[in-house]
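# Geometric and topological summary
One letter stands for each residue in the lines below.
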Amino acid sequence: MKNNQQIPTTSTHFDPYCPENIPLFEALYGENLISLGGTTAIDHMLSGLDVTGLNALDLGFGLGGVAFYLAKNYSMKITGIEVYTWMVEHAKIHQPKDLTDSLSFDTYLADGTFPFHAQTFDLVYSKGVLNHVANKNALFHQVNHVLKPHGLFVIADWIFPETTTDVSPALVCETKTSYQKVLSDNGFDTITFRDDSQEFLAYAHQILANLTKHQILIEQQYDKSLFSIIWQQHEELIQKINQHQKYAVRIVAKKR
Ligand SMILES: C[S@@+](CC[C@H](N)C(=O)[O-])C[C@H]1O[C@@H](n2cnc3c(N)ncnc32)[C@H](O)[C@@H]1O
């Protein structure tokens, strides 16, 4: 391998979140993004919600692209937090210069506390992150703490059927019931789930197209096997969505 790390395979878990993978992420997902669907999916995550101008927390901002887009197109003031220091550096370097007053990025320890006062944010959102977090209790308690009264927590994530047999090592297999419970236990109500699986099916097909488009770059910069690993992962994803073994959801919960 030219890089030490790969994106997760279905059989063994490697941590993909290293700076060497930035060209790979951007080839697959778009500029400064590490999740499916590009800006269409960002708009869709917030569709129907009145979020223009809000003071928001981006939980797991990755390369910062979601925050950059929302600061520009929704006039939001956004604070991003991540578990990797290099991501903070990346976001600070790549943030649009005319938006620096609206953006700030910081790290926190995954099992530590948020570095914010109570009731700081109108909105907390998290796109494509929470399937990495096994213990959501402590995290959601903190999300609730930093939200203003009746503030919104918006999540784009995957859920599984109640009787799932999925054993993907890289994912935490939440169900609708487990998500409802952990949100409710940590001070949220008015919890709604929207099934976005059809949209994510299209996004997964787009990844296959992006892979083909960037095959040479991927094969030159990374291990030869990576192209087919990613291809297989997304074919499996498409199959699971089609067979209703996995659902993409937008969850909205309100602080009680
Ligand atoms: C698939 S990427 C999504 C990044 C970004 N939200 C986006 O849409 O481009 C998942 C991100 O979750 C971050 N992450 C994993 N566990 C986390 C945690 N406990 N708290 C915050 N971020 C976390 C990873 O560092 C990674 O950047």
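The notes below deal with the structure included here. (Residues numbered from 1 in each chain as written. Predicted model: local features only at pLDDT ≥ 70, side-chain atom pairs only at ≥ 80, totals over all residues.)

## Description of helix H7 (residues 197-213)
Note that an α-helix has 3.6 residues per turn; residues three or four places apart therefore point the same way. Look at H7: 24 Å from first C-alpha to last across 17 residues, which is about the 24 Å you get at 1.5 Å a residue. Taken together, the buried positions of H7 are Phe 200, Tyr 203, Ala 204 and Ile 207. Buried residues of H7, viewed axially, fall in a sector of 105°; they line one side. Facing away from the buried side of H7 by over 90 degrees, the exposed positions are Gln 198, Ala 202, Ala 209, Thr 212 and Lys 213. (Helix = DSSP H or I, 4+ residues; strand = E, 2+ residues; numbered from the N terminus. Expected span 1.5 Å × (residues − 1). Buried ≥ 20, exposed ≤ 12 C-beta atoms within 10 Å, placed from the backbone. Arc of directions from axis to C-beta.)

## Considerations on the packing of helix H5 (residues 136-146) against helix H6 (residues 176-185)
The packing of two helices is summarised by the inter-axis angle and the distance between the axes. Packing of H5 against H6 leaves a shortest axis separation of 9 Å and a crossing angle of 50°. Classified by the interaxial angle, the pair formed by H5 and H6 is oblique. H6 is crossed by H5, and the crossing has right-handed handedness. Where H5 abuts H6, its residues Lys 136, Asn 137 and Phe 140 lie against Val 182, Leu 183 and Asp 185. (Axes fitted to C-alpha atoms, helices over the stretch in contact; angles between N-to-C directions. Parallel < 35°, antiparallel > 145°, perpendicular 65-115°, else oblique. Left-handed = near helix turned anticlockwise from the far one by under 90°. Contact = placed C-beta atoms within 7 Å.)

## Notes on the environment of Ala 253
Structurally, Ala 253 can be placed in strand E7 (residues 247-255). Along the backbone, Ala 253 and Trp 86 are 167 residues apart, and their C-alpha atoms lie at a distance of 31 Å. Beyond its immediate stretch of four places on either side in the chain, Ala 253 contacts Phe 153, Leu 183, Phe 188, Thr 190 and Ile 191.

## Focus: the environment of Ser 228
Counting through the fold element by element, Ser 228 comes out in helix H9 (residues 224-242). For the pair Ser 228 and Leu 211, spaced 17 residues apart in the sequence, the C-alpha separation amounts to 9.4 Å.

## Thoughts on the nonpolar core
The biggest cluster of nonpolar side chains holds 64 residues, and the ones touching the most others in it are Ala 56, Ala 67, Leu 70, Val 124 and Phe 153. At seven residues, strand E5 (residues 147-159) tops the list of elements feeding residues into this core. If we skip the residues at most four places from it in the chain, Ala 56 touches Met 76, Ile 78, Phe 121, Asp 122, Leu 123, Val 124 and Tyr 125. (Core = buried A, V, L, I, M, F, W, Y, C linked by C-beta atoms within 7 Å.)

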